[in-house]
Amino acid sequence: MMAAILALVSCTNTELDPLTGIFPDPQEPVLTSLDASSFEKTSTNRIFTLKFSGGGATIEASLVGARNQYYLEPNVYGPGEANGCFLVNQTKVNGSNVSSGNITVQLKGENLYKLIFILFDANGTPYRTKWEGVIPYEPDPEPMVLTKVLVAQSNSNGTVTFKLGTDDMDIDMMGTPVGNGYALTADLYSADGYLGEGVYTPAASSENVAPYQYAPGYEYDLSSWGMGIMHWGTCWWEGEKVTHIDKEPITVVKKGSKFVITWGGEDTYPHWATFTGEIPELVPKDVPAPDYTYTDELSDAVDETFAPVAGVKTHNLTLKNKAGEEVAWFQLVLTEGVNDYSGDYFCKEYAHEDHTFGNGYDLSMWGMGMGGSRYLKDGNVVLINPGETLSVAKLGDDIWEISGEGYDFVFGTGGGDTPVEAAFTITDELSDPVDETFAPVSGVKTHNLTLKDADGVEKVWFQLVLTEGSEDFSGDYVCKEYAHEDHTFGNGYDLSMWGMGMGGTRYIADDGSTVLVNPGETLTITKVGDDTWKFTGSTGYEFVGKFE
């Protein structure tokens, strides 16, 4: 019966009726003192521990509340472990564990409580008592809420800088937070130069910061420059008071388009601040697809005496367009071992300092052509002269933009079309095209192309007519008898009945038969690489060949 009654009242909002009749007379000590009050947080709840005494008795109560509620809430607490219950193994009467009962908590005013206890110890002895008084609770410490982005910058060297403040903070011309509020300034490191999710911990020094670390705060004396003491790295600002941060973690979480940035936490209070908002400067932009592929060949940088200079290397970059044609050349000098091209460069003769680059030059008068830093524009070579500058920006994973006076190239892995492998080699013999009367036609030439497979066997023949002197095969062609106009091509024919075999435009099919191309068919030729061409016919054939 007792168990049934207790089951009905456990963790409910109903007090037990006065204990009469079926139970022994309850012990009714008078509680007069609150000896201790504390709480601890679990992952899901908050445990309030209260110790009372009076009338020769003691009661220790552990009550389970909501984790985010800093004070003991009014409720009827019965046995259990959920919110609104008391913990049996931690609630005691005169040192003995309480087995059942309930504790009614009433809030009469600010921190003024009345508690009514109806409890049974392990022996079934009932206790009924009450206590009334003040249980002091203070609100939980809360983080300082930062609301304003003062500065945010994603740097090409992997450093991420942000300065976040309260509404009453700003920055001066030197980038120093000023005002009567609070600010968090941080220099973090990420592999791609943008703010990524994770926990950032302090590096050992500001000179050697690894991914997911931040540079600890430090000061630099610029008094000799009239600027006094400057505070750099990661710092906490309370008005003009500066604290260098070198312990508390900085946590970054992304929720949709917004960052949640937290410095410290409850355990590090008052070193605890949080910011929620968008910071578009720290998010990677849409990375354009590169227009150019590139190669990089290292060589020694030399000085005016042509002596190699130690500690640096020249990166000889060659950029190619989608057709595989070389369109730009740059000689960038970087510290040896550095493969990050980003930064600003100054053009010099005999460039050999870090972040300089070599000028372009024309040695054609000596029979050696052009070299150095240069690019093609409208088919002409433009040389880059000493004194000019260029900038290289990293746009993505191995995607770069190089720009200067009059040029701008986006290059990288995957730039241009995927290289096309040539299955055939091409030879070209010129002849005169003829008209219907078999008279040679001036101003044009027939290119008799023969394509051979890997075994050297002739498999494909094209008779292309182009303006005399032209070596650009790209374009659309129409097949004609007696082809003699620009961008036409000759048809295939079978003269085996005359003992002369087959000729004209034709190819060997997979089954070994010869397929003749007929008048009216069309052909498209595309340049797909250096001296490499793709032939696509209107009847479905396709061949890729490269000139020997």
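Rules of the game
- Residues numbered from 1 in each chain as written.
- Predicted model: local features only at pLDDT ≥ 70, side-chain atom pairs only at ≥ 80, totals over all residues.
- Heavy atoms only, no water.
- Helix = DSSP H or I, 4+ residues; strand = E, 2+ residues; numbered from the N terminus.
- Rg over C-alpha atoms; globule rule 2.2 N^0.38 Å.
- Buried < 20%, exposed > 50% of the residue type's maximum accessible area, 1.4 Å probe, protein only.
- Contact = heavy atoms within 4.5 Å.
- Areas by Shrake-Rupley, 256 points an atom, 1.4 Å probe, with all protein chains shown as cover.
- Lys, Arg positive; Asp, Glu negative; His and termini not counted.
- Charge placed at Lys NZ, Arg CZ, Asp CG, Glu CD.
- Phe/Tyr/Trp six-rings, centres within 6.5 Å; stacked < 30°, edge-to-face > 60°.
- Lys NZ or Arg CZ within 6 Å of the ring centre and 35° of its normal.
- Patch = residues over 30% accessible without salt bridge, like charges linked within 9 Å, V, L, I, M, F, W, Y side chains within 5 Å.
- Salt bridge = Lys/Arg side-chain N within 4 Å of Asp/Glu carboxyl O.
- pLDDT = per-residue confidence, 0-100.
- Pairing = 2+ DSSP bridges.

## Remarks on the overall build of the protein
On a plain count of helices and strands, the protein comes out with 1 helix and 48 strands. Its C-alpha radius of gyration of 42 Å places the protein more than 25% over the 24 Å reference for a compact globule of 548 residues. Along the three orthogonal principal directions, the C-alpha set of the protein runs to about 135 × 75 × 35 Å. By the burial criterion, 39% of the 548 residues in the protein qualify as buried. For the protein, contacts bridging at least 24 residues in sequence account for 45% of all contacts bridging at least 6. Counting only carbon and sulfur atoms, one obtains 50% of the accessible surface of the protein, whose full area is about 28,600 Å². Once the 32 positive and 81 negative side-chain charges of the protein are each reduced to a mean point, those two points are 9 Å apart.

## Description of the packing of aromatic side chains
Under the defined criterion, the tally for this structure stands at 30 aromatic pairs. Between F39 and F48, the aromatic rings sit 6.2 Å apart at their centres with planes inclined by 50°, giving tilted as the arrangement. We classify F39 as partly exposed; its relative accessible area is 39%. Every member of this aromatic cluster is reached through a ring pair, and the members are F424, F462, Y507, F535, Y541 and F543. Directly above the ring of F259 sits K254, whose terminal nitrogen or CZ lies 5.0 Å from the centroid.

## Description of the environment of I116
You can see I116 is positioned in strand β8 (residues 112-121). For I116 and T104, which are 12 residues apart along the polypeptide, the C-alpha to C-alpha distance reads 5.0 Å.

## A word on the environment of D167
Summarising the element assignment, D167 is placed in the loop between β12 (159-165) and β13 (169-171). Spatially, the C-alpha atoms of D167 and Y182 are 8.8 Å apart, while their sequence positions differ by 15 residues. Apart from the residues within four sequence positions on either side, D167 is in contact with T147 and K148.

## Considering unusual backbone geometry
The omega torsion across Y269 and P270 is 10°, close enough to zero to call that bond cis. Relative to the assigned elements, P270 resides in the loop between β23 (258-264) and β24 (272-277). At H487, a position not held by glycine, the phi torsion is positive, near 60°. Within the secondary structure, H487 sits in the loop between β40 (475-480) and β41 (488-490).

## As for the side chain of Q69
Mapped onto the elements, Q69 comes out in the loop between β3 (57-66) and β4 (75-79). For Q69, a relative accessible area of 17% gives the class buried. The residues contacting Q69, other than those within four sequence positions of it, are R46 and F48.

## Quick notes on a nonpolar patch on the surface
A contiguous nonpolar surface patch, about 460 Å² in accessible area, is contributed by M365, W366 and M368. Structurally, W366 can be placed in the loop between β30 (361-362) and β31 (370-371).

## Thoughts on the confidence of the model for the protein
When pLDDT is averaged along the protein, the result is 87; 91% of the residues meet or exceed 70. Predicted confidence in the protein is weakest over helix α1 (residues 2-9), with a mean pLDDT of 34, and strongest over strand β29 (residues 356-358), with 96. Every residue in residues 1-10 scores below 50 in pLDDT, and together they form 11 contacts with partners more than four places removed in sequence or on other chains. Considering only residues more than four positions removed or in separate chains, one finds that residues 12-21, a stretch of pLDDT under 50, has 22 contacts.

## Concerning the pattern of salt bridges
Applying the stated criterion to the full structure yields 10 salt bridges. In this structure, D140 and K41 form a salt bridge, with 3.4 Å as the shortest nitrogen-oxygen distance. Of this pair, D140 sits in the loop between β9 (126-134) and β10 (144-146) while K41 sits in strand β1 (residues 33-41), and the two are 99 residues apart along the sequence. With a shortest N-O distance of 3.4 Å, D246 and K247 are connected by a salt bridge. For D246, a relative accessible area of 41% translates into the label partly exposed. Here the salt bridges share partners, and the residues they tie into one network are K41, R46, D140 and E266.

## What about the pairing of strand β39 (residues 458-467)?
With 9 bridges connecting them, strand β38 (residues 444-452) and β39 associate as antiparallel partners. When the bridges of β39 are listed, K445 appears paired with L466. As consecutive antiparallel partners, β38 and β39 are separated by 5 residues, and within that stretch G456 has a phi angle of approximately 85°, a positive value. In terms of strand pairing, β39 meets strand β44 (residues 506-508) through 2 bridges, oriented antiparallel. Bridge pairing in β44 links V460 to Y507. Note: β39 against β41, 2 bridges, orientation antiparallel.

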